[in-house]
Amino acid sequence: HLADYRRDYEVRENGQRALKFFALARTGNSTDRILDMAEALLVCVEAEERPRKRHQMRNGAAILAIFANAPLRNASAQLAFGESLFWKHDEWVIRTEVQKTHTRRPEPFDFPLHPAAGRFVDALVLGDASPAMLPTLREKLIRDRRQLFVLPDGHPVAATYVPRVF
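Not measured: the values here are computed from a predicted model.

Along the chain, Arg138 falls in helix α6 (residues 134-144). Arg138 sits in the buried class, given a relative accessible area of 11%. Counting along the chain gives 13 residues from Arg138 to Val125, while the straight-line C-alpha distance between them is 6.5 Å. Once residues lying within four places of it in the same chain are set aside, the contact partners of Arg138 are Trp87, Trp92, Asp122 and Val125.

Ile66, Phe67, Ile94, Val121, Leu148 and Phe149 are the most contacted members of the largest nonpolar core, which has 40 residues in total. Those elements that place two or more of their residues in this core are α3 (31-45), α4 (51-67), β2 (91-98), α5 (115-126), α6 and α7 (161-165). The residues contacting Val121, other than those within four sequence positions of it, are Ile66, Phe81, Leu85, Trp92, Leu113 and Leu148.

Take the pairing of β2 next. Here 4 bridges tie strand β1 (residues 85-88) to β2, and the two strands are oriented antiparallel to one another. Bridge assignment links Lys88 to a residue of β2, and that residue is Glu91. Hairpin remark: β1 followed by β2, antiparallel, with 2 residues in the connecting loop; positive phi at His89, about 50°. Alignment of β2 against strand β3 (residues 107-112), held across 6 bridges, turns out to be antiparallel.

Attention now goes to the pattern of salt bridges. Under the defined criterion, the tally for this structure stands at 7 salt bridges. Because the salt bridges share partners, they merge into one network encompassing Arg54, Arg58 and Asp128.

Another aspect to go through is α6. Think of an α-helix as 3.6 residues a turn; residues three or four steps apart then line up on the same face. Those residues of α6 lying buried are Leu134, Leu137, Arg138 and Leu141. End-on view of α6: buried residues confined to an arc of 105°, all on one side of the axis. The exposed residues of α6 that point more than 90 degrees off its buried face are Glu139 and Arg143. The secondary structure elements touched by the buried residues of α6 are β1, β2 and α5. Following α6 by one or two positions, Arg145 has its phi on the positive side, about 55°.

For the rest of this paragraph, the subject is the packing of α4 against α5. Helix packing for two helices is described by the angle between their axes and how far apart those axes are. Closest axis-to-axis distance for the α4/α5 pair is 9 Å, and the angle between their directions is 155°. As the angle between them shows, α4 and α5 are arranged roughly antiparallel. In this structure, the crossing between α4 and α5 has a hand that is left-handed. Contacts from Arg58, Asn59, Ala61, Ala62, Ala65 and Ile66 of α4 reach α5 at Ala117, Phe120, Val121, Ala123 and Leu124. Among the residues making up the contact of α4 with α5, the classes are represented as 9 nonpolar, 1 polar and 1 charged.

The rules behind the values
Residues numbered from 1 in each chain as written. Predicted model: local features only at pLDDT ≥ 70, side-chain atom pairs only at ≥ 80, totals over all residues. Heavy atoms only, no water. Helix = DSSP H or I, 4+ residues; strand = E, 2+ residues; numbered from the N terminus. Buried < 20%, exposed > 50% of the residue type's maximum accessible area, 1.4 Å probe, protein only. Contact = heavy atoms within 4.5 Å. Core = buried A, V, L, I, M, F, W, Y, C linked by side-chain atoms within 4.5 Å. Pairing = 2+ DSSP bridges. Salt bridge = Lys/Arg side-chain N within 4 Å of Asp/Glu carboxyl O. Arc of directions from axis to C-beta. Axes fitted to C-alpha atoms, helices over the stretch in contact; angles between N-to-C directions. Parallel < 35°, antiparallel > 145°, perpendicular 65-115°, else oblique. Left-handed = near helix turned anticlockwise from the far one by under 90°. Nonpolar A, V, L, I, M, F, W, Y, C, P; charged D, E, K, R; others polar.

See the structure below:
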């Protein structure tokens, strides 16, 4: 009797659509196109004179690059160094729990970011610092467990920040 329930729930779970990616497709965009948009935004950072605007542009580019490729939900959007975002084997890895609509408990989720998307994390790590500082800044942020997305003044962003930008 329980086996029947389990089969029924597995069928429902396997049939569940990745709603974010279906919504993205309806806009006429693809993950590759969004990554291109993120790249274009990051390239423009160098030409921007205002530090606050450069910071906002790096945040926006990283949000586009990461969340167009990683199947994360809004509830999982508050990534933090050393808590849900790790530097392992020369790549950024998202390690968190996700809960799909039709499940009762969260499931572990490990997602190595492709270097094309991971470099946007590095852009946030660096900010306006020299690229030579990258390893030191990575270690510091992981040790401090700082949130990935912060405001220009260093304060953490609100829970609604990533969904609003994406």
